[in-house]
Amino acid sequence: MTIANRQFQVTDPAVLHALVRSQPLATLVVAHEGALHVNHVPLYLDPTRGPHGTLVGHVGRGNGVWPLLPQHAVAVFHGPQAYVSPSWYPSKAIDGNQVPTWNYATVHAHGSLHAFDDATRLRAVLHTLSEHHEAHRPHPWRIDDAPPDYIDKLLGAIVGVELAVERWEGVWKMSQNRSDADRAGAVQGLLDEGTARAAEVAGLMRCG
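Residues numbered from 1 in each chain as written. Predicted model: local features only at pLDDT ≥ 70, side-chain atom pairs only at ≥ 80, totals over all residues. Heavy atoms only, no water.

J.: Would you mind going over the side chain of histidine 17 with me for this structure?
T.: Within the secondary structure, histidine 17 is located in helix α1 (residues 13-22). Given a relative accessible area of 13%, histidine 17 falls into the buried group. Residue contacts for histidine 17: discarding those within four places in its chain leaves Leu45, Pro47 and Trp168. (Helix = DSSP H or I, 4+ residues; strand = E, 2+ residues; numbered from the N terminus. Buried < 20%, exposed > 50% of the residue type's maximum accessible area, 1.4 Å probe, protein only. Contact = heavy atoms within 4.5 Å.)

J.: Whenever I open this one, the environment of proline 147 confuses me. Can you help?
T.: For proline 147, the location among the structural elements is in the loop between α3 (119-134) and α4 (148-155). Since its relative accessible area comes to 45%, proline 147 is described here as partly exposed. C-alpha separation for the pair proline 147 and asparagine 97, spaced 50 residues apart in sequence, amounts to 64 Å.

J.: Would you take a moment to explain the pattern of salt bridges for this structure?
T.: It is possible for side chains of opposite charge to pair when their charged atoms get near one another. All told, the structure shown has eight salt bridges when counted by the stated rule. When the shortest N-O distance is used, the salt bridge between arginine 121 and glutamate 162 registers 2.9 Å. Of the two residues, arginine 121 is situated in helix α3 and glutamate 162 in strand β8 (residues 158-173); the sequence distance between them amounts to 41 residues. Of the charged contacts, one joins arginine 123 and aspartate 152 as a salt bridge, the two residues approaching to 2.6 Å between their closest N and O atoms. Of this pair, arginine 123 sits in helix α3 while aspartate 152 sits in helix α4, and the two are 29 residues apart along the sequence. Given the relative accessible area of 30%, arginine 123 is considered partly exposed. Judged by its relative accessible area of 42%, aspartate 152 falls in the partly exposed class. Here the residues in one salt-bridge network are Arg49, Arg121 and Glu162, joined through shared partners. (Salt bridge = Lys/Arg side-chain N within 4 Å of Asp/Glu carboxyl O.)

J.: I keep staring at the layout of surface pockets and nothing clicks. Help me out?
T.: One way to see where empty space is left: roll a probe the size of a water molecule over the atoms. If you add up the space inside the largest pocket, you get close to 200 Å³. Lining the largest pocket are Tyr44, Asp46, Arg49, Val56, Phe116, Arg121, Ala124, Val125, Thr128, Leu129 and Glu162. Among the elements of the structure, β4 (44-46) and α3 are those that each provide at least two residues to the lining of the largest pocket. If one sorts the elements of the lining of the largest pocket by residue count, α3 sits on top with five residues. (1 Å grid on protein atoms, 1.4 Å probe; cavity = no way out; pocket = protein on both sides within 12 Å on 5 of 7 lines; lining within 4 Å. Points joined across faces, edges and corners; volume = space filled by probe spheres on them.)

J.: Looking at this model, I keep getting lost on the packing of aromatic side chains. Mind explaining?
T.: Within a pair of aromatic rings, the relevant descriptors are the distance that separates the centres and the angle that separates the planes. Applying the stated rule across the entire model yields one aromatic pair. Arginine 121 extends its terminal NZ or CZ atom over the ring of phenylalanine 116, reaching a point 3.9 Å from the ring centre. (Phe/Tyr/Trp six-rings, centres within 6.5 Å; stacked < 30°, edge-to-face > 60°. Lys NZ or Arg CZ within 6 Å of the ring centre and 35° of its normal.)

J.: What should I look at first to understand the packing of α3 against α4 in this one?
T.: Packed helix pairs are specified by the crossing angle of their axes together with the interaxial distance, meaning the distance between the axes. In the contact formed by α3 and α4, the axes pass within 10 Å of each other and the chain directions differ by 105°. On the basis of the axis angle, α3 is roughly perpendicular to α4. Together, Ala119, Leu122, Arg123 and Leu126 of α3 and Ile151, Asp152 and Leu155 of α4 make up the contact between the two elements. Among the residues making up the contact of α3 with α4, the classes are represented as five nonpolar, no polar and two charged. (Axes fitted to C-alpha atoms, helices over the stretch in contact; angles between N-to-C directions. Parallel < 35°, antiparallel > 145°, perpendicular 65-115°, else oblique. Nonpolar A, V, L, I, M, F, W, Y, C, P; charged D, E, K, R; others polar.)

J.: Which parts of the structure should I look at to understand the nonpolar core?
T.: Generally speaking, nonpolar side chains in soluble globular proteins are found buried as a group. With 39 residues, the main nonpolar core has Leu55, Ala75, Phe77 and Trp168 as its most contacted residues. Per-element accounting of this core gives the leading share, six residues, to β8. The contacts of phenylalanine 77, once residues within four sequence positions are left out, are Leu19, Val20, Gln23, Pro24, Ala26, Leu43, Leu55, Ala105, Thr106, Val107 and Ala109. Formed by 11 residues, the second largest nonpolar core is a distinct cluster that contains Val56, Leu122, Leu129 and Ile151. (Core = buried A, V, L, I, M, F, W, Y, C linked by side-chain atoms within 4.5 Å.)

Here it is in structure tokens:
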């Protein structure tokens, strides 16, 4: 990935990992023999495995990507994003030389993607994913709530995937290249939009 403005780069692993955990549905891209294979896969980050962590998930056995593995892959995690109107900039009133832009946060995880279909490992993946996403609920669903034979049948229909991360790239494009006055105007404009998405971007702009 080429980043035109290095002001937008984020390298702090804690910040990158936090976005991955909060937005776990990755766009998983694999290149094979001149073709790009794109899948949308929830991935769980295990930071203890490997120097940069390992992303773990599963795909359906009918998915054509796993027989191509191992391959180099990129997992893209999309964070908050919103349109920014030039009408929010105080500088617009001076010369009018302003145009719209889009603010966003995203994380790219580059690494080697492998497949596995060992039933014990797959069961552990399902357990980890469900425990992670159900933890905040008052009555969390657990894999043991389903009949064992039903889970065994499902295990035969999926294949595990693991991305051993070799490099992280983070981009937080939050109007860092604007003046303080223009940034403040954009923050207020986003808050006035009255949507949760716009408010989340405004919060990130305030932090950065």
